[in-house]
Amino acid sequence: KHLAPIFAGQELRYGSPRATAAAFFTTYGAHIGHGRECELPPVRGAELRSIIRSTTSVAGGLDSIVPAEAKLYPMVVWDRLADMFNATEATGRWPSKLRHAKAVFLRKPEEDPFLMGSYRVLLIIPLFYRMWAKLRTRQMASWARSWAGKYMYSTAPGSGAADAHYAFALRLEHAVVKHMKFAGV
């Protein structure tokens, strides 16, 4: 019943949002984890301050605040930021200053400047959002690992896109050496 609004507008295909959700779970239910729900503690100012103090980044955010400056903030600022993030998580409404980002396209060396694949996107977001995201990513890591499948990459620290490429390359090389047909992933 919680997913029915997501499927609204597809009634012509299945007859109703409920039937659409049921059809989705019939088709893909085996691929959806049934683990425990992620429970996060409230954000604490001390945790946010610890993250900013341990950062080696010197880059400022979209808010023009640089880590070196933020490291000097008194504890009361971090406690108010924690209150703001807790209210944001409770309501789902982000402060307007944290809802924006800027994308900068950096051309990869030796690449054709007329192809989009020749660029790396650098997303510039507010510093405080980066601190919150880093905190929550750390707190969710063990939960994410609990449901991450064998072929999921970048779910938690320790694996990434390069690991997926290497695994694929090894499977392809094995197929070539053994004269096996290889298609798809």
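Thresholds applied
Residues numbered from 1 in each chain as written. Predicted model: local features only at pLDDT ≥ 70, side-chain atom pairs only at ≥ 80, totals over all residues. Heavy atoms only, no water. Helix = DSSP H or I, 4+ residues; strand = E, 2+ residues; numbered from the N terminus. Expected span 1.5 Å × (residues − 1). Contact = heavy atoms within 4.5 Å. Buried < 20%, exposed > 50% of the residue type's maximum accessible area, 1.4 Å probe, protein only. Core = buried A, V, L, I, M, F, W, Y, C linked by side-chain atoms within 4.5 Å. Patch = residues over 30% accessible without salt bridge, like charges linked within 9 Å, V, L, I, M, F, W, Y side chains within 5 Å. Areas by Shrake-Rupley, 256 points an atom, 1.4 Å probe, with all protein chains shown as cover. Salt bridge = Lys/Arg side-chain N within 4 Å of Asp/Glu carboxyl O. Lys, Arg positive; Asp, Glu negative; His and termini not counted. Polar contact = N/O pair within 3.5 Å; in protein donor to acceptor, adjacent residues only side chain to side chain. Axes fitted to C-alpha atoms, helices over the stretch in contact; angles between N-to-C directions. Parallel < 35°, antiparallel > 145°, perpendicular 65-115°, else oblique. Left-handed = near helix turned anticlockwise from the far one by under 90°. Nonpolar A, V, L, I, M, F, W, Y, C, P; charged D, E, K, R; others polar. Phe/Tyr/Trp six-rings, centres within 6.5 Å; stacked < 30°, edge-to-face > 60°.

Engineer: What should I look at first to understand helix α5 (residues 75–91) in this one?
Structural biologist: One full turn of an α-helix is made of 3.6 residues, so residues set three or four places apart face in the same direction. Over its 17 residues, α5 runs 24 Å from end to end, which matches the ideal 24 Å to within 8%, given 1.5 Å per residue. Buried residues belonging to α5 abut α3 (45–54), α4 (67–70) and α6 (127–147). G92 sits one or two residues past α5 and shows a positive phi near 80°.

Engineer: I would appreciate a short explanation of unusual backbone geometry in the present structure.
Structural biologist: The phi dihedral of S64 falls on the positive side, at around 70°, and the residue is not glycine. Looking at the secondary structure, you find S64 in the loop between α3 and α4. By relative accessible area, S64 is classed as exposed at 61%. With phi around 65°, E110 is a residue other than glycine that occupies positive phi space.

Engineer: Got a minute to help me understand the nonpolar core in this structure?
Structural biologist: Most often, soluble globular proteins have nonpolar side chains that are buried together. V43, L48, A70, W78, F85 and F128 are the most contacted members of the largest nonpolar core, which has 17 residues in total. Mapped by element, the contributors of at least two residues to this core are α3, α5 and α6. The dominant element in this core, judged by the number of residues it contributes, is α6, at 5 residues. The contact partners of L48, leaving out residues within four places of it in the chain, are V43, W78, L81, A82, F85, M131, W132 and L135.

Engineer: Hey, could you run me through a nonpolar patch on the surface in this one?
Structural biologist: A surface patch of nonpolar side chains, about 310 Å² in accessible area, is lined by F168, L172, V176 and F182. Relative to the elements of secondary structure, V176 occurs in helix α7 (residues 161–177). A relative accessible area of 55% places V176 in the exposed class.

Engineer: Looking at this structure, I do not really get the side chain of E47. What am I missing?
Structural biologist: Its place among the elements puts E47 in helix α3. This buried residue, E47, is left without a salt bridge; R44 holds the nearest opposite charge, at 4.0 Å. At a separation of 3.4 Å, a polar atom in the side chain of E47 contacts the side chain of Q139. Beyond its immediate stretch of four places on either side in the chain, E47 contacts P42, L135 and Q139.

Engineer: Please explain the pattern of salt bridges as it appears in this structure.
Structural biologist: When the charged atoms of two side chains lie near each other, side chains of opposite charge can form a pair. Summed over all chains, the structure comprises 2 salt bridges. Of the charged contacts, one joins D83 and R80 as a salt bridge, the two residues approaching to 2.8 Å between their closest N and O atoms. Taken together, the residues span about one helical turn, with D83 and R80 both in helix α5 at a distance of 3 residues.

Engineer: Explain the packing of α3 against α5 here, please?
Structural biologist: The angle between the axes and the distance between the axes are what describe a pair of packed helices. Direction vectors running N to C along α3 and α5 enclose 115°, while the axes themselves pass 7 Å from each other. Classified by the angle their axes make, α3 and α5 are roughly perpendicular. Read as a crossing pair, α3 and α5 show a hand that is right-handed. On α5, the residues that touch G45, A46, L48, R49 and I52 of α3 are M75, W78, D79, L81, A82 and F85. Tallied by class, the residues present in the contact of α3 with α5 amount to 8 nonpolar, 1 polar and 2 charged.

Engineer: Explanation requested: the packing of aromatic side chains in the structure shown.
Structural biologist: For any pair of aromatic rings, geometry is given as the distance between the ring centres together with the angle between the planes. Throughout the structure, instances matching the rule amount to 9 aromatic pairs. Aromatic side chains W78 and F128 sit 5.9 Å apart centroid to centroid with 90° between the ring planes, which places their arrangement in the edge-to-face category. You can see W78 sitting in helix α5 and its partner F128 sitting in helix α6, a full 50 residues away along the chain. Considered together, W78 and F128 belong to a single accessibility category, that of buried residues. A connected cluster of aromatic rings, assembled from ring pairs, spans F85, W94, Y129 and W132.

Honestly, it's all geometry; don't read function into it.
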